[in-house]
Amino acid sequence: MARVELSSKKLHSEFIKKVAEISGQNIYQCYQCGKCSAGCPMCFAMDILPNQIIRLAQLGLEDEIASSKTIWLCASCLTCDARCPKGVDLSRIMEAMRLLTLRKNKNHIEPSKMNRETLAELPAIALVSSFRKLTS
Amino acid sequence: MILSYFPGCTIKTRARNFEDSAIAVMRELGVNLEELPRWNCCGTVYSLAEDDLVHHVASVRNLMHIRKQGHQKVVTLCAFCYNSLHRANEIMRDNPDKRFAINSFMDEEDPYEGQISVSHLLQVLRDDIGLDKISAKVIKPLDGLKIASYYGCTLLRPKSAAIDNPENPIILQSLVKALGGTPIEFPFAIECCGSFQVVDNRDFVNERAYEIINSAMKNGAEVLLVSCPLCEFNLRQAQVKLKQKYTDFKGLPILYFTQIMALSFGLDIKVNDFELNSTETQEWLKKNKLVA
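Source: prediction; values computed, not measured.

Asker: I tried to follow the domain arrangement of chain A on my own but got confused; where do I start?
Answerer: For an interface, size is often stated in terms of accessible area lost upon the parts coming together. Residue and element names in this part refer to chain A. Splitting chain A by domain gives domain 1 (10-104) and domain 2 (109-136). With centres defined by C-alpha atoms, the gap from domain 1 to domain 2 works out at 24 Å. Taken residue by residue, the interface counts five residues in domain 1 and four residues in domain 2. Class assignment for the residues of the side of domain 1 that touches domain 2 results in two nonpolar, one polar and two charged.

Asker: I'm lost on the environment of Lys270 of chain B in this one. Help?
Answerer: Residue and element names in this part refer to chain B. Tracing the sequence through the fold places Lys270 in the loop between helix H10 (257-264) and helix H11 (279-287). Classification of Lys270 as exposed rests on a count of 11 C-beta atoms within 10 Å. In sequence terms Lys270 and Asp20 are 250 residues apart; their C-alpha atoms lie 8.6 Å from each other.

Asker: I tried to follow the nonpolar core on my own but got confused; where do I start?
Answerer: One recurring pattern in soluble globular proteins: nonpolar side chains tend to sit buried together. One finds Leu224, Leu225 and Leu235 of chain B to be the most contacted residues of the largest nonpolar core, which totals 128 residues. With seven residues, helix H3 (residues 79-94) of chain B is the largest single contributor of residues to this core.

Asker: Teacher, can you tell me more about the domain arrangement of chain B here?
Answerer: Residue and element names in this part refer to chain B. Its domain assignment divides chain B into domain 1 (2-121) and domain 2 (133-287). A straight line from the C-alpha centre of domain 1 to that of domain 2 covers 24 Å. At the interface, 23 residues of domain 1 touch 28 residues of domain 2. Mapped by element, the contributors of at least two residues to the side of domain 1 that touches domain 2 are helix H1 (16-28) and H3. Broken down by element, the residue count for the side of domain 1 that touches domain 2 peaks at nine residues, all from H1.

Asker: Can you help me understand the interface of chain A and chain B in this one?
Answerer: On the side of chain B, 33 residues touch chain A, which itself brings 32 residues to the contact. Taken together, the elements giving at least two residues each to the side of chain A that touches chain B come down to helix H2 (14-23), helix H7 (79-83), helix H8 (90-102) and helix H10 (124-134) of chain A. Among the residues forming the side of chain A that touches chain B, the class breakdown is 20 nonpolar, seven polar and five charged.

Conventions and cut-offs
Residues numbered from 1 in each chain as written. Chains lettered and ligands numbered in written order. Predicted model: local features only at pLDDT ≥ 70, side-chain atom pairs only at ≥ 80, totals over all residues. Domains from an automatic or database assignment. Contact = placed C-beta atoms within 7 Å. Nonpolar A, V, L, I, M, F, W, Y, C, P; charged D, E, K, R; others polar. Helix = DSSP H or I, 4+ residues; strand = E, 2+ residues; numbered from the N terminus. Buried ≥ 20, exposed ≤ 12 C-beta atoms within 10 Å, placed from the backbone. Core = buried A, V, L, I, M, F, W, Y, C linked by C-beta atoms within 7 Å.

What follows is the structure, given as structure tokens:
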């Protein structure tokens, strides 16, 4: 990862407050044991590991989180939540981070641009879940 | 016994093989699954945001309809429906502020306080019917068939919704034993298949399927049992691509747990709708003389 700049302003940013409020989680509970990343089924595809996401959040590094693919690859399987020794539900933190983008009316996927064959092939359970998690 | 039954979107379309086999098996066990009239989509995924209550409304409306149907308990087949309904019910039962907000929003209905108990079919089989009674119905024992049981996520997580020990579940293996099969343990039984990421990141889901299926095979499984229509789709569709990508990949037949029950109970083959399973699974069933 490139050099990052820390500042008091970032540490007390609106972003951190919103993540905490929407997720209902205390992000400062995390002591970086890495259990979430060890069990994450999608982490092989992530550019920033789940435990690194929460560390970036603690430091208020909103831009680094926003430019990462990680939050969009989370499948909400809750394995991190089940195994966190500090009782932090990272799946809720990931959801809060997604919502901070989606609530600006920015879709992560565009259902209208999906081709007809794909839509016909996928079962409703996959489509509804995906649209719920990845569109505004 | 009559139980209120909530089907859900995929059960009524792609997973008719799950529904038809489940209804037939339960009838054989003396349970009538009474489909909830006017059910609507449960929302599939539970909203994880504290300030997002509107996405629980669909599930709560179903719970209110179950109450109107005159039942205290509802059973689901789909693992996603189970999870959404169960957790929406928890909110209505345990969180007075959110309950008040949701009830106020749904002002045409009588207030709901989480009185319905939401169960998955596996819980009914284990807790209400009992494995002994299931064993007694077996007329074609599975003859030691090596069966790996795959749980996925939503029957086990979060802990409050877990139908069994979330890290070490045994409910499906116990069922396999009761049917005369040999349960195979494998380390990927409770790992996520990638879920809805199949829509946007199919290659990643296929890689997950590769690991899950290979792990079951390495441990000796001849067939994989599933309980979730999304796991079933992901693991089935991935095998076509995986055989092209990895020449040594053999793949595994996949069945819903209710289909293998129907086979061992000797029920009419039609209830299994095997045409909805993969052609490889259908061929495997014939080869192993599980179907004529």
